[in-house]
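Structural features, examined
Here are the chains, one letter per residue:
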Amino acid sequence: MIELNGVSRLYKTVIGVNDINLSLDQGVYGLLGPNGSGKTTLINMILGQIKPTLGTVRLFGQNPWRRSKLLRRVGLCPALEFSYPRVTSLEWVSYLVQMHGFSRADALLRAKQALELVSLSHVMNQPITEYSLGMRQRAKLAQAIAHDPELLILDEPFNGLDPVGRYEMTALLKKWAAEGRSLVLASHILHEVEAVNPSFLLIYGGRLLASGAPDEMRRILANSPSLLTIKSSDSKKLAGMLSRLDVVKNIRFVGEHRVEVETMVLAEVLNLLPNAVTEAGISIEDVESNDESLKSLFSTLMKIQRGELLARKTL
């Protein structure tokens, strides 16, 4: 479905995407990375909106550059915000469907069906400028699915959605995937992507660092750096036990009963805690992760790629 061979994109002296090799069959994929990691640049190259500086891109076996008819097989929900004065969502979606080659009557019917799917049928004759951010986000999704594409690409689709909107968006995407159609979902938030149960593609600094199924992702997270705050009945004894682990980089006392633990491998620290309870007689009352973002994970994967060694632990 998608194939990239040695693809790089340079913006003068800035590297947007760096030497990516990737082959995706039909399926559901989560393109995961922090803002500025290269997700949107990668999507734009897949769609033929920009040319790679180096390497080749194939979409359904063809070079997508200047092949607008190929895009009829793809639906895109971009991250870019939009606003058209005095234009209703029905007019906007039907016009874009016509650009894929459908008749005006067929495009109007498809637009109405798509707007109903995203729960905007009651406001489809109102100007888009009167919509909330979440409603505009759903209008973008409507235009992406109205022409019934084989592949749906969404760039940060949950932005601006309230909890109900996020739930409805997730349910719609799950249904889309269950019908055997393909999906690429780009986001910087793990749990939003994980809810659709995709295979993961991790991108950071323009590099594709890792890929795999959700279980493999969890294993990567378990073997990645993390900052934990642990509340126990005896913080000094717990700190002494943790200090013997090679994967613990730093330990700091926080108040009377808490220790802050910087670890290079989260799983080893968590596996030690049950032993602390049974063998050392320490009561563990609370464990908190102070960094729920994926930035540390991506940083570690970059270090592994560069062959850097783990820093010496300190106590």
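Heads up: the structure comes first, above all this text.
These figures come from a predicted structure and were not determined experimentally.

**A few points about the pairing of strand 3 (residues 28-32)**
Across the five residues of strand 3, five count as buried, placing the element largely inside the fold. Both faces of strand 3 are covered, namely the face carrying V28, G30 and L32 and the face carrying Y29 and L31. The pairing of strand 3 with strand 7 (residues 182-187) spans five bridges and is classified as parallel. Looking at strand 7, one finds that G30 is bridged to L185. Relative to strand 8 (residues 199-204), strand 3 is paired through four bridges, and the arrangement is parallel. Among the inter-strand pairings, L31 is bridged to a residue of strand 8, identified as L201.

**Examining the layout of surface pockets**
Considered as a void within the structure, the largest pocket measures approximately 780 Å³ in volume. Contributing to the lining of the largest pocket are 27 residues, with Q49, L76, P78, L96 and Q143 lying nearest its centre. Those elements giving two or more residues to the lining of the largest pocket turn out to be helix 1 (39-46), strand 5 (74-77), helix 2 (89-98) and helix 4 (133-145). Here the lining of the largest pocket is composed, by residue class, of 14 nonpolar, eight polar and five charged.

**Remarks on the side chain of S8**
Positionally, S8 belongs in strand 1 (residues 2-11). There is a polar contact of 2.7 Å between the side chain of S8 and the backbone nitrogen of D19. Apart from the residues within four sequence positions on either side, S8 is in contact with V17, N18, D19, P52, T53 and L54.

**Some words on the sheet that holds strand 10 (residues 226-232)**
Strand pairing within a sheet occurs via backbone hydrogen bonds; the two strands may be parallel or antiparallel. One open sheet holds the four strands; their spatial order is 11-12-10-13, and the pairing between them is antiparallel. In this open sheet, the two edge strands, each paired with only one partner strand, are strand 11 (248-254) and strand 13 (284-289). For this sheet, the mean angle separating the axes of adjacent strands, direction not counted, is 20 degrees. Judged from the five bridges that link them, strand 10 and strand 13 form a sheet pairing that is antiparallel.

**Things to note about empty space enclosed by the protein**
The tally for this structure, following the rule as stated, stands at one cavity of 30 Å³ or more. Around the largest cavity, the lining residues are L22, L24, L31, L42, I46, V184 and L201. Those elements that place two or more of their residues in the lining of the largest cavity are strand 2 (14-24) and helix 1. Residues belonging to the lining of the largest cavity are distributed by class as follows: seven nonpolar, no polar and no charged.

Criteria and cut-off values
Residues numbered from 1 in each chain as written. Predicted model: local features only at pLDDT ≥ 70, side-chain atom pairs only at ≥ 80, totals over all residues. Heavy atoms only, no water. Buried < 20%, exposed > 50% of the residue type's maximum accessible area, 1.4 Å probe, protein only. Helix = DSSP H or I, 4+ residues; strand = E, 2+ residues; numbered from the N terminus. Pairing = 2+ DSSP bridges. 1 Å grid on protein atoms, 1.4 Å probe; cavity = no way out; pocket = protein on both sides within 12 Å on 5 of 7 lines; lining within 4 Å. Points joined across faces, edges and corners; volume = space filled by probe spheres on them. Nonpolar A, V, L, I, M, F, W, Y, C, P; charged D, E, K, R; others polar. Polar contact = N/O pair within 3.5 Å; in protein donor to acceptor, adjacent residues only side chain to side chain. Contact = heavy atoms within 4.5 Å. Axes fitted to C-alpha atoms, helices over the stretch in contact; angles between N-to-C directions.

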